[in-house]
Amino acid sequence: MWFIFALMSAVFAALTSILAKIGIEGVNSNLATAIRTVVVVVMAWGMVFLTSAQSGISEISKKSWLFLILSGLATGASWLCYYKALQVGEASKVVPIDKLSVVITLVLAFVFLHEQFTAKSMIGCVLIGAGTLLMVL
């Protein structure tokens, strides 16, 4: 089931890039990011209430709060940078560079989460990096 959700995430991420590039024309990138964020917040809280998950708020540990907040700050910084890059660059070049996050995530998962970094992971990282360079240059 995780694979279906991951694949749907990729499709929606692709749509996000294309729709954002069209929508950001003539709009300040920070304003565009704020508008997008409001939509995401309404959607996310809508799902929380639709699935009656709001009762779990009181059960969240301090550690989880801290890391969820830090993750939110990282997301905000990523979105602000991404929208600025989309505004001034071509989507066909911005998106591949953004997807280098896959490589960075694998390295960070190895360093901080002690996840396995296999030969397959290394080959994948090299191919993603090479593919990104090929698309951007």
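As the structure is a prediction and not an experimental result, all values here were calculated from the model. Every chain begins its residue count from 1, and numbering advances along the sequence as written. A pLDDT threshold of at least 70 governs which residues receive local features in this predicted model, and a stricter bar of 80 or more applies before side-chain atom pairs are shown or counted, although totals over entire chains, interfaces and linings include all residues. Working from all heavy atoms in the structure, the side-chain values ignore hydrogens and water.

Caption draft 1: The arrangement of the overall build of the protein in detail. Secondary structure summary: the protein contains 6 helices and 0 strands in total. Listing every helix and strand of the protein by position from the N terminus yields α-α-α-α-α-α. Considering only C-alpha atoms, the protein reaches an extent of 50 × 45 × 25 Å along its principal axes. The burial tally for the protein puts 15% of its 137 residues in the buried class. Taking as baseline every contact in the protein between residues at least 6 positions apart, the subset at least 24 positions apart corresponds to 69%. In the structure as shown, the protein presents an accessible area of about 10,400 Å², 76% of it carried by carbon and sulfur atoms. Think of it this way: Lys and Arg go in the positive column, Asp and Glu in the negative one, and His and the chain ends go nowhere. Taken as the charge centre is NZ of Lys, CZ of Arg, CG of Asp or CD of Glu, depending on the residue. Seen as two clouds, the 8 positive and the 5 negative side-chain charges of the protein have centres 4 Å apart. Helical segments are the DSSP runs of H or I of at least four residues, strand segments are the runs of E of at least two, and each set is numbered from the N terminus. Only protein chains enter the area calculation, which uses a 1.4 Å probe; residues under 20% of their type maximum are buried, those over 50% are exposed, and those in between are partly exposed. By the convention used here, residues are in contact when the closest approach between their heavy atoms is within 4.5 Å. Residue burial considers only the protein chains on display, and all accessible areas are found by Shrake-Rupley using a 1.4 Å probe.

Caption draft 2: Molecular detail of a nonpolar patch on the surface. Residues with no salt bridge and a relative accessible area higher than 30% make up the patches, which join like charges within 9 Å and nonpolar side chains (Val, Leu, Ile, Met, Phe, Trp, Tyr) within 5 Å. For salt bridges, the criterion is a side-chain nitrogen of Lys or Arg within 4 Å of an Asp or Glu carboxyl oxygen. A cluster of nonpolar residues, Met1, Trp2, Phe3, Ile4, Phe5, Leu7, Met8, Val11, Phe12, Leu15 and Leu19, forms a patch on the protein surface that exposes about 1,300 Å² of accessible area. Relative to the helices and strands, Val11 is located in helix H1 (residues 2-23). Exposure remark for Val11: the relative accessible area of 46% places this residue in the partly exposed category.

Caption draft 3: Quick look at unusual backbone geometry. Positive phi, normally seen in glycine, also occurs at Ser52, with a value near 55°. Looking at the element boundaries, Ser52 is found in the loop between helix H2 (29-50) and helix H3 (62-88). Of note in this structure, His114 is not a glycine but carries a positive phi near 55°. Mapping His114 onto the fold places it in the loop between helix H5 (101-112) and helix H6 (119-136). A residue is classified by how much of its surface remains accessible, and His114, at 68% relative accessible area, is exposed.

Caption draft 4: Molecular detail of the packing of aromatic side chains. Geometry of aromatic contacts follows a simple scheme: Phe, Tyr and Trp rings, the Trp one being its six-membered ring, pair when their centres are within 6.5 Å, and the pair is stacked under 30 degrees between planes, edge-to-face over 60, tilted otherwise. Across all of its chains, the model carries 4 aromatic pairs by this definition. Ring geometry for Trp45 against Phe49: centres 5.9 Å apart, planes inclined by 35°, an arrangement best described as tilted. Highlighted residues: Trp45 and Phe49, both in helix H2, separated by 4 residues, approximately one helical turn. Aromatic pair Phe110 and Phe117: ring centres 5.7 Å apart, planes at 55°, arrangement tilted.

Caption draft 5: Structural detail: the pattern of salt bridges. Taken as a whole and assessed by the stated rule, the structure comprises 1 salt bridge. Across the pair Asp98 and Lys99 runs a salt bridge, and its minimum N-O distance is 3.4 Å.

Caption draft 6: The nonpolar core, seen in detail. We call a set of buried residues a nonpolar core when its members are Ala, Val, Leu, Ile, Met, Phe, Trp, Tyr or Cys and they connect through side-chain atoms within 4.5 Å of each other. Counting 9 residues, the largest nonpolar core consists of Ala20, Ile24, Ala32, Tyr82, Tyr83, Leu86, Ala91, Val94 and Val95. Those elements that provide at least two residues to this core are H3 and helix H4 (91-98). Excluding residues within four positions of it along the chain, Leu86 makes contact with Ser17, Ala20, Lys21, Ala91 and Val94.

Caption draft 7: Seen up close, the environment of Val48. As for its position among the elements, Val48 is in helix H2. Sequence separation between Val48 and Ile24 is 24 residues, and the spatial gap between their C-alpha atoms is 29 Å. The residues touching Val48, leaving out its near neighbours within four places in the chain, are Ala53 and Gln54.

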